[in-house]
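Chain by chain, the residues:
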Amino acid sequence: MAPITQNPSPHVLSVAPMLDWTDRHFRYLLRLVTRRTRLYTEMVVDQSILLGNRPRLLDFSPEEHPLALQLGGSQPEKLATAAHIGEKWGYDEINLNLGCPSERVQGGGFGACLMLEPERVAECMAAMRQAVRIPVTAKHRLGVDELEDYRYVARFVEKLADVGIEVFIIHARKAYLRGLSPAENRTVPPLRYEWVYRLKQDFPHLTIVLNGGVRTLDEAQAHLERVDGVMLGRAVYENPFVLERADARFFGLNRWPNRLEVAQAMLFYAEAQLEQGTPLWAIARHMLNLFKGQPGGRLWRRLLSERACRRGAGVEVLRQALEQVQAEADRRADKPLVSLATD
Ligand SMILES: Cc1cc2nc3c(=O)[nH]c(=O)nc-3n(C[C@H](O)[C@H](O)[C@H](O)COP(=O)(O)O)c2cc1C
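Residues numbered from 1 in each chain as written. Predicted model: local features only at pLDDT ≥ 70, side-chain atom pairs only at ≥ 80, totals over all residues. Heavy atoms only, no water.

K.L.:
Any chance you could explain the overall build of the protein chain here in plain terms?
P.N.:
Broken down by element type, the protein chain carries 15 helices and eight strands. Over its C-alpha atoms the protein chain spans a radius of gyration of 21 Å, differing by no more than 12% from the 20 Å that the globule rule assigns to 343 residues. A principal-axis box enclosing the C-alpha atoms of the protein chain has dimensions of 70 × 45 × 40 Å. Sequence separation of at least 24 residues holds for 72% of the intrachain contacts in the protein chain that already meet a minimum separation of 6. For the protein chain, the accessible area works out to roughly 15900 Å², and carbon and sulfur atoms hold 49% of it. Taking the average place of the 45 positive charges on the side chains of the protein chain and the average place of its 42 negative ones, the gap between the two points comes to 2 Å. (Helix = DSSP H or I, 4+ residues; strand = E, 2+ residues; numbered from the N terminus. Rg over C-alpha atoms; globule rule 2.2 N^0.38 Å. Contact = heavy atoms within 4.5 Å. Areas by Shrake-Rupley, 256 points an atom, 1.4 Å probe, with all protein chains shown as cover. Lys, Arg positive; Asp, Glu negative; His and termini not counted. Charge placed at Lys NZ, Arg CZ, Asp CG, Glu CD.)

Put into structure tokens, the structure is as follows:
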């Protein structure tokens, strides 16, 4: 497919917020693969920001921009304060989670169950908007439980647009609040891309970002015929190099990242992080899929899984794994030549 050349929306391509996955270390890795794809933090609960260890929750590397902070919460004042702190911390966008159906999140009265309370969501988002100058955006589903009706989700979007929300990231399926695990809630309810396309038709002035089940940049680009942006989640974690051509195709940058170079840069990053007390595994666990589908990819994964989680493991684990993968790749690259010669 031809690259996108005309001014893309800042939301044209993004990586989804994923609890336990899109922490600062994984985001740093992604930034080595793609400079401009928008990144989101894991969801951070407003209350934790108000009372908890802010540097631990909010710190990020300057390279991670453009970067959005995703908040969870359901009380306007707390969300507004947390959003304000996020802006001061340097984030480029504040996003509100209206799509997570986990029991813990429901217990806190936020996430997907807020789709049942559009008035309250509008109040929260209005308060957040008042508290910051950066964009405040919503990430939601198409409905919850039996509330699966296009008119309902359209009214929900309209209500938030009325308080000034302009960017809607829509996981294109509903959520079941009972009976399904969070993982099942990402596979069982059917995807309804048509509804997301229709939202764009009905609200052409809003930025509509489609999320859910998108596996490749080709698929993303096809959706972009109908919406303003596409957000990928699991596909990126399972293989960060799915974004290999993102900068060239979506942002007009002439870059072609290379796995070995990314691994080498991560080694330097890990070195600096380890000096600050970060255990190697906190970083290496996100690197397991870096060579997915490549010669030496399984060896890399095995070496890291076995050695990087050991107490006191240092960056030499990464260095040695990298050397072995490189040797394996060289050996495989040689193979066809050898067999040609003997034919
Ligand atoms: C491990 C994991 C954690 C997630 N955590 C969050 C989260 O913190 N906030 C959120 O809005 N969505 C969360 N999600 C949902 C994703 O953002 C995304 O909406 C969903 O995975 C569908 O996109 P995909 O099919 O491209 O993965 C999570 C998904 C996964 C797999």
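K.L.:
Got a minute to help me understand the site of the ligand in this structure?
P.N.:
Taken together, the neighbourhood of the ligand is formed by 17 residues, with Gln70, Asn211, Gly213, Gly233 and Arg234 sitting nearest. At a separation of 3.4 Å, an oxygen atom of the ligand approaches a polar side-chain atom of His171. For the ligand, an oxygen atom lies 2.8 Å from a polar atom in the backbone of Gly233. Protein contact buries 92% of the 600 Å² of open area that the ligand shows by itself. For the shell around the ligand, the class distribution of residues is seven nonpolar, seven polar and three charged. (Near = heavy atom within 4 Å. Polar contact = N/O pair within 3.5 Å; in protein donor to acceptor, adjacent residues only side chain to side chain. Nonpolar A, V, L, I, M, F, W, Y, C, P; charged D, E, K, R; others polar.)

K.L.:
What am I meant to see in the packing of aromatic side chains here?
P.N.:
One pass over the structure, following the stated rule, counts six aromatic pairs. Measuring from ring centre to ring centre gives 4.7 Å for Phe26 and Tyr237, while their planes differ by 55°; the resulting arrangement is tilted. Placement of the pair is Phe26 in helix H1 (residues 24-33) and Tyr237 in helix H10 (residues 234-238), with a sequence separation of 211 residues. The exposure class assigned to Phe26 is buried, which follows from its relative accessible area of 0%. The exposure class of Tyr237 is buried, given its relative accessible area of 11%. (Phe/Tyr/Trp six-rings, centres within 6.5 Å; stacked < 30°, edge-to-face > 60°. Buried < 20%, exposed > 50% of the residue type's maximum accessible area, 1.4 Å probe, protein only.)

K.L.:
What am I meant to see in the pattern of salt bridges here?
P.N.:
Once the charged atoms of two side chains with opposite charge are near each other, the side chains can pair. Throughout the structure, instances matching the rule amount to 18 salt bridges. The shortest N-O distance in the salt bridge between Lys174 and Glu148 comes to 3.7 Å. Taken together, the residues Lys174 in the loop between strand S6 (167-171) and helix H8 (193-202) and Glu148 in the loop between strand S5 (136-140) and helix H7 (150-162) connect sequence positions 26 residues apart. A residue is classified by how much of its surface remains accessible, and Lys174, at 7% relative accessible area, is buried. The shortest N-O distance in the salt bridge between Asp247 and Arg255 comes to 2.8 Å. (Salt bridge = Lys/Arg side-chain N within 4 Å of Asp/Glu carboxyl O.)

K.L.:
Before we go on, may I ask you to explain the domain arrangement of the protein chain in this structure?
P.N.:
As a measure of interface size, the accessible area lost when the parts come together is often cited. Looking at the assigned domains, one finds that the protein chain contains domain 1 (13-251) and domain 2 (259-342). A C-alpha centroid distance of 31 Å is found between domain 1 and domain 2. In this assembly, 16 residues from domain 1 lie in contact with 15 residues from domain 2. Taken over both partners, the interface formed by domain 1 and domain 2 buries close to 1500 Å², and the fraction arising from carbon and sulfur atoms is 58%. Sorting the residues of domain 1 by area buried against domain 2 places His25, Leu29 and Phe241 first, and these three jointly supply 39% of that buried surface. In this structure, the connection of domain 1 to domain 2 is made through two salt bridges. The salt bridge involving Arg285 is made with Asp23; its shortest N-O contact spans 3.3 Å. Here domain 1 and domain 2 share eight residue pairs in polar contact (both at pLDDT 80 or more) between them. When contributions to the side of domain 1 that touches domain 2 are tallied by element, the ones reaching two or more residues are H1 and H10. (Domains from an automatic or database assignment. Buried area = accessible area lost by both parts, 1.4 Å probe.)

K.L.:
Hey, could you run me through the nonpolar core in this one?
P.N.:
What tends to happen in soluble globular proteins is that the nonpolar side chains get buried as a cluster. Ranked by size, the top nonpolar core spans 116 residues in total, and within it Leu13, Leu160, Phe168, Leu243 and Trp300 carry the most contacts. When residues in this core are grouped by element, the largest group, seven residues, is from H7. Residue assignment places this core across two domains, with domain 1 (13-251) and domain 2 (259-342) each supplying three or more. Apart from the residues within four sequence positions on either side, Phe168 is in contact with Ala138, His140, Val157, Leu160, Ala161, Leu206, Thr207, Ile208 and Val209. (Core = buried A, V, L, I, M, F, W, Y, C linked by side-chain atoms within 4.5 Å.)

K.L.:
Looking at this structure, I do not really get the packing of helix H4 (residues 76-89) against helix H6 (residues 118-131). What am I missing?
P.N.:
If you want to describe how two helices pack, look at the angle between their axes and the distance between the axes. The contact between H4 and H6 brings their axes to 8 Å, and the two run at 35°. The two elements H4 and H6 meet at a crossing, and its hand is right-handed. Contacts from Pro76, Leu79, Ala80, Ala83, His84 and Glu87 in H4 reach Glu123, Cys124, Ala127, Met128 and Ala131 in H6. Here the contact of H4 with H6 is composed, by residue class, of eight nonpolar, one polar and two charged. (Axes fitted to C-alpha atoms, helices over the stretch in contact; angles between N-to-C directions. Left-handed = near helix turned anticlockwise from the far one by under 90°.)

K.L.:
Would you mind showing me how to read the sheet that holds strand S8 (residues 229-232) here?
P.N.:
On the basis of which strands lie adjacent, the closed barrel formed by eight strands has the order S1-S2-S3-S4-S5-S6-S7-S8 and parallel pairing. Taken pair by pair, the neighbouring strands of this sheet meet at an average axis angle of 25°, ignoring direction. In the sheet, strand S2 (residues 38-45) pairs with strand S3 (residues 67-72) via five bridges, with the strands oriented parallel. Residue Val44 lies in a different strand from S3, and its bridge partner there is Leu71. Packing against the sheet, H8 makes contact with S6 and strand S7 (207-211), and its axis sits at approximately 170° to S7. (Pairing = 2+ DSSP bridges.)

K.L.:
Please clarify how the pairing of strand S4 (residues 93-98) should be interpreted in this entry.
P.N.:
Consecutive residues of a regular strand have side chains that alternate between opposite faces of the sheet. The buried fraction of S4 is high, at six of six residues. The two faces of S4 match: Glu93, Asn95 and Asn97 on one face and Ile94, Leu96 and Leu98 on the other face are all buried. Bridge count for S4 against S5 is five bridges, and the pairing is parallel. Looking across to S5, one finds that Asn97 is bridged to Lys139.

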